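Working through the structure, step by step
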Amino acid sequence: MTEHNEPSTPPGAPATERERKRLHTKLKLATQIGQGIDGYIIGGIGLAMSDITDDLHLSSVAQGLVGAAPLIGIFLGGPLFGRLADRFGRRPVFLIDMMIFLVGSVLQFFVADGTQLVIIRLVMGVAIGGEYAIGAPLLSEYAGRRGRGRLLASLEISWYLGYALATVVGAMFTSVDGGWRWSLASSAVIALVCVALRGGIPESARWLLSRGRRDEAEALIAKYGIEVDVTAELDDRDEVRQDGFRALFSKQHLRSTVFASVFWAALVLPYFAIGTFWTEVFEALNMGDNAVAALLVYSFTAVAGVTAGCLVVDRIGRRKLLIPPFWITAVCLALVAVWPSSTPVIVIGFLFFIFLNAASSALTSVYPLEVFPTSLRTTGVGFATAMSRVGAAIGTFLLPMGLDHYGAEFVLLIGAGVLVVGGVVSQFLAPETTDLDLARAARTAREGA
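Here is what the cut-offs are and how they apply
Residues numbered from 1 in each chain as written. Predicted model: local features only at pLDDT ≥ 70, side-chain atom pairs only at ≥ 80, totals over all residues. Heavy atoms only, no water. UniProt positions renumbered as here; feature names shortened; annotations may be inferred. Helix = DSSP H or I, 4+ residues; strand = E, 2+ residues; numbered from the N terminus. Buried < 20%, exposed > 50% of the residue type's maximum accessible area, 1.4 Å probe, protein only. Contact = heavy atoms within 4.5 Å. Areas by Shrake-Rupley, 256 points an atom, 1.4 Å probe, with all protein chains shown as cover. Axes fitted to C-alpha atoms, helices over the stretch in contact; angles between N-to-C directions. Parallel < 35°, antiparallel > 145°, perpendicular 65-115°, else oblique. Left-handed = near helix turned anticlockwise from the far one by under 90°. Core = buried A, V, L, I, M, F, W, Y, C linked by side-chain atoms within 4.5 Å. pLDDT = per-residue confidence, 0-100.

Per an unreviewed UniProt entry, the recorded name for the chain is Major facilitator superfamily (MFS) profile domain-containing protein, and the organism is Streptomyces malaysiensis. Per UniProt, the comment on the chain under Subcellular location (unreviewed entry) is "Cell membrane".

**Let's talk about the overall build of the chain**
When helices and strands are counted, the chain shows 21 helices and 0 strands. Within the span of the chain, comprising 449 residues, buried residues form 61% of the whole. Sequence-distant contacts in the chain: of pairs separated by 6 or more residues, those separated by 24 or more amount to 83%. Accessible surface for the chain amounts to roughly 17,500 Å². Of this, 64% is attributable to carbon and sulfur atoms.

**Here's the deal with the packing of helix α1 (residues 17-43) against helix α8 (residues 187-198)**
As a packed pair, α1 and α8 sit with axes 9 Å apart at the nearest point and diverge in direction by 160 degrees. Classified by the interaxial angle, the pair formed by α1 and α8 is roughly antiparallel. For α1 against α8, the interelement crossing comes out left-handed. The segment α1 lies against α8, with Lys26, Leu29, Ala30, Thr31, Ile33, Gly34, Ile37, Tyr40 and Ile41 engaging Ser187, Ile190, Ala191, Val193, Cys194, Leu197 and Arg198.

**Looking at unusual backbone geometry**
Even without glycine at this site, His57 takes up a positive phi of about 55 degrees. Within the secondary structure, His57 sits in the loop between α2 (45-56) and α3 (60-88).

**Details of the environment of Val347**
Mapped onto the elements, Val347 comes out in helix α17 (residues 343-361). According to the relative accessible area criterion, Val347 is partly exposed, its value standing at 37%. Note: C-alpha distance between Val347 and Val336 (11 residues apart in sequence) is 8.7 Å.

**Things to note about the nonpolar core**
Counting 117 residues, the largest nonpolar core has Ile52 and Leu322 as its most contacted members. Among the elements that take part in this core, helix α5 (residues 114-142) stands out by supplying 13 residues, more than any other. Sequence-distant contacts of Ile52, defined by excluding residues within four places in its chain, comprise Ile45, His57, Leu58, Leu117, Trp180 and Leu184.

**Brief notes about the confidence of the model for the chain**
Mean pLDDT over the chain works out to 84, with 87% of the residues at or above the 70 mark. Mean pLDDT values for the elements of the chain range from 59 in helix α14 (residues 278-284) up to 93 in helix α16 (residues 318-338). This model gives residues 1-11 a pLDDT under 50, and the stretch forms 13 contacts once residues within four places in sequence are excluded.

Next up, the structure:
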């Protein structure tokens, strides 16, 4: 009798069309849900923070640490899991990472003090970093060159939906005694579903080619009809002889490393910092009574924005989706900082900022995967993930103290400045990789085309 995860066709025989679709559907769901749980864990802290502070008697410094802990964990987990996935393969890391989510989600329910919560969310942040480093790269290595941008960008829709869902769940538990525990632990349900989906997913053919295992790779390509430019992958393997973290800073790859790290950091720093302490920001702008409703609007406007980005990423190209929104969102935050007493400016400024920032954020699941070769893909994505979270963690940690000492106007101007930096770097370093095979896209990025 055939086992559940064993192929029903003989070894080496082509899979049926149904089996091919089943594999691709399973991989997409396993990756989409993994990305969604990342957003869920980050977003779940927003409405819970006030109750956590009261129940666990947190200081402003402790609040900052609870908010920043997952981002610090991402800094550690991205490079670690990325290197492991380049060294030992995509498949085992893909499963182990989700097991960490499952255990960490359950443990959040039982914390007795702020230190325990910080440690657990730090470990979960390590798993989030791992998910960025392995989930989207594995999906990209199964995707065809046409429509790849939309497929990968759709992962960001999952992230924002997870973030929004966490906000809804958090709102449901705000009136429940100790409800924040149930809210944070609810991510265990999502993690359990994802663990079940990830069993039986085969290794990446591109990774097999990068390790010189051509026969295994070609058998997998033939069986499942995977679109891979084998010649380009093998040429890239011969050209890219270094691996590991040191290779990211070689003359060959430094351009890609700097671009992927800086544009990603500039996009997420303002979003994470403002979103984590949304209530405090609105109170500083004398609109505290509307904070909960505004946070729900914030979350679902972001979903609309990233959906729009997903729909146009393959039509208008990567550069047009990235560069203009940097400048527009910088102006939006600056206007709110200059006119903090004007309700129309605050509302319109934040809505434009959220929508366009989220639209460009669709590229965080696209660009980093396209600018590194297969042998360095998860290492490069993991490092870029880490660098993006360094700034986000610093911003999240410092924001409540910045609000206390300097006010919302100063905080928003700093956010605008970060967006300007992202715009400048992207203007000079962002390659156009739309509709290119992954190996050829990486070569374009290295050559600065």
